[in-house]
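# Descriptive analysis of the structure
What follows is the residue order along each chain.
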Amino acid sequence: ADQGAQDALTQDAVAQDAVAQDAMTQDAASIFAVSQDVQDLLDRLPVGVLVSRGDVPIVMNQTLLEWLGYADADEFHAYGGIDRLFRGRVPSYSAAGLDDNAMLVTRKDGATLALSSRLQTVQWGDLPASMMTFDQITENEPNVDEHLLLEAGLVEAHELKSILDTATDGVIVV
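About the cut-offs
- Residues numbered from 1 in each chain as written.
- Predicted model: local features only at pLDDT ≥ 70, side-chain atom pairs only at ≥ 80, totals over all residues.
- Heavy atoms only, no water.
- Core = buried A, V, L, I, M, F, W, Y, C linked by side-chain atoms within 4.5 Å.
- Buried < 20%, exposed > 50% of the residue type's maximum accessible area, 1.4 Å probe, protein only.
- Helix = DSSP H or I, 4+ residues; strand = E, 2+ residues; numbered from the N terminus.
- Contact = heavy atoms within 4.5 Å.
- pLDDT = per-residue confidence, 0-100.
- Pairing = 2+ DSSP bridges.
- Axes fitted to C-alpha atoms, helices over the stretch in contact; angles between N-to-C directions.
- 1 Å grid on protein atoms, 1.4 Å probe; cavity = no way out; pocket = protein on both sides within 12 Å on 5 of 7 lines; lining within 4 Å.
- Points joined across faces, edges and corners; volume = space filled by probe spheres on them.
- Nonpolar A, V, L, I, M, F, W, Y, C, P; charged D, E, K, R; others polar.

With 16 residues, the main nonpolar core has Leu50, Met60, Leu64, Leu68, Phe76 and Phe134 as its most contacted residues. If you list the elements that add at least two residues to this core, you get α3 (62–68), α4 (73–78), α5 (81–85), β5 (112–124) and β6 (127–136). No other element matches α3, which puts four residues into this core. The contacts of Phe76, once residues within four sequence positions are left out, are Leu50, Pro57, Met60, Leu68, Tyr70, Gly81, Ile82 and Leu85. Of all hydrophobic cores here, the second largest spans eight residues; its members include Ile58, Val59, Val122 and Trp124.

Below, the structure written as structure tokens:
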């Protein structure tokens, strides 16, 4: 009789565990689920949108997918996702002290694209997620004058020279 009761308890525990696992799977699926209305809205935006949790993309809009050359967020993730995406700052913007958000990103084909990016924390499925928005730029926007870049470089060189001139007493060249 004890063996039968123990078997019944074991079966009940296994059944409860299966129900709990199923509930967790459904909760996870609902967290990552995107209604068609939300996806349609995101796809109509003229900016790129990527919502992720950690390094896992939850949703990407069609604009960003097209700019990067991917069919969907799963393909983006399979090709390295967020870890592969960023290559650094746009050199001409950094040198001129312009748009701190100008980033070089990697397309699926390995080419580099200059995008202005913004990062925000949002609630997605009752948990925090990261939302990145992107806007296209060109490395040499019409308002980025080459003369301005040269002038910014000269100012920086002058400032560095001034620092070195004042620090000569403590510098030994070997």
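Text resumes after the structure shown.
What follows deals with the confidence of the model for the protein. Model confidence for the protein is summarised by a mean pLDDT of 75, while 55% of its residues fall at 70 or above. Averaged over each element, pLDDT in the protein is lowest for helix α1 (residues 2–32) (55) and highest for α3 (96). Taken together, the stretch residues 23–31 has pLDDT below 50 and engages in five contacts with residues farther than four places along the chain or on a different chain. Contacts of residues 141–145 to residues separated by more than four positions or lying in other chains number four contacts, the stretch itself having pLDDT below 50.

Overall, antiparallel pairing links the six strands, which are arranged β2-β1-β6-β5-β4-β3 in an open sheet. With partners counted over all chains shown, the strands left at the sheet margins are β2 (56–60) and β3 (86–89), one partner each. The average undirected angle you get between the axes of adjacent strands in this sheet is 40 degrees. Where strand β1 (residues 48–53) lies against β2, four bridges are found, and the strand directions are antiparallel. Looking at the pairing, Leu50 lines up with Met60 of β2. Against the sheet, helix α2 (residues 36–44) touches β1, β2 and β5, its axis set at about 80 degrees to β2.

As paired strands, strand β4 (residues 102–106) and β5 are joined by five bridges and run antiparallel to one another. Residue pairing for β5: Thr106 is matched across the bridge by Thr112. Counted along the chain from β4 to the antiparallel partner β5, the turn is five residues long, and its residue Gly110 has a positive phi close to 90 degrees. In terms of strand pairing, β5 meets β6 through ten bridges, oriented antiparallel. By the bridge assignment, Gln120 is partnered in β6 with Met131. Hairpin geometry of β5 and β6 is characterised by an intervening segment of two residues between the two adjacent antiparallel strands and by a positive phi of about 65 degrees at Gly125.

It is worth spelling out the layout of surface pockets at this point. Unfilled space is identified by rolling a water-sized probe across the atoms. Here the largest pocket is characterised by a volume of approximately 170 Å³. What lines the largest pocket is a set of 14 residues, among which Ile58, Met60, Asp72, Ala73 and Asp74 lie closest to the centre. Here the element with the most residues in the lining of the largest pocket is β2; it accounts for five residues. Among the residues forming the lining of the largest pocket, the class breakdown is eight nonpolar, three polar and three charged.

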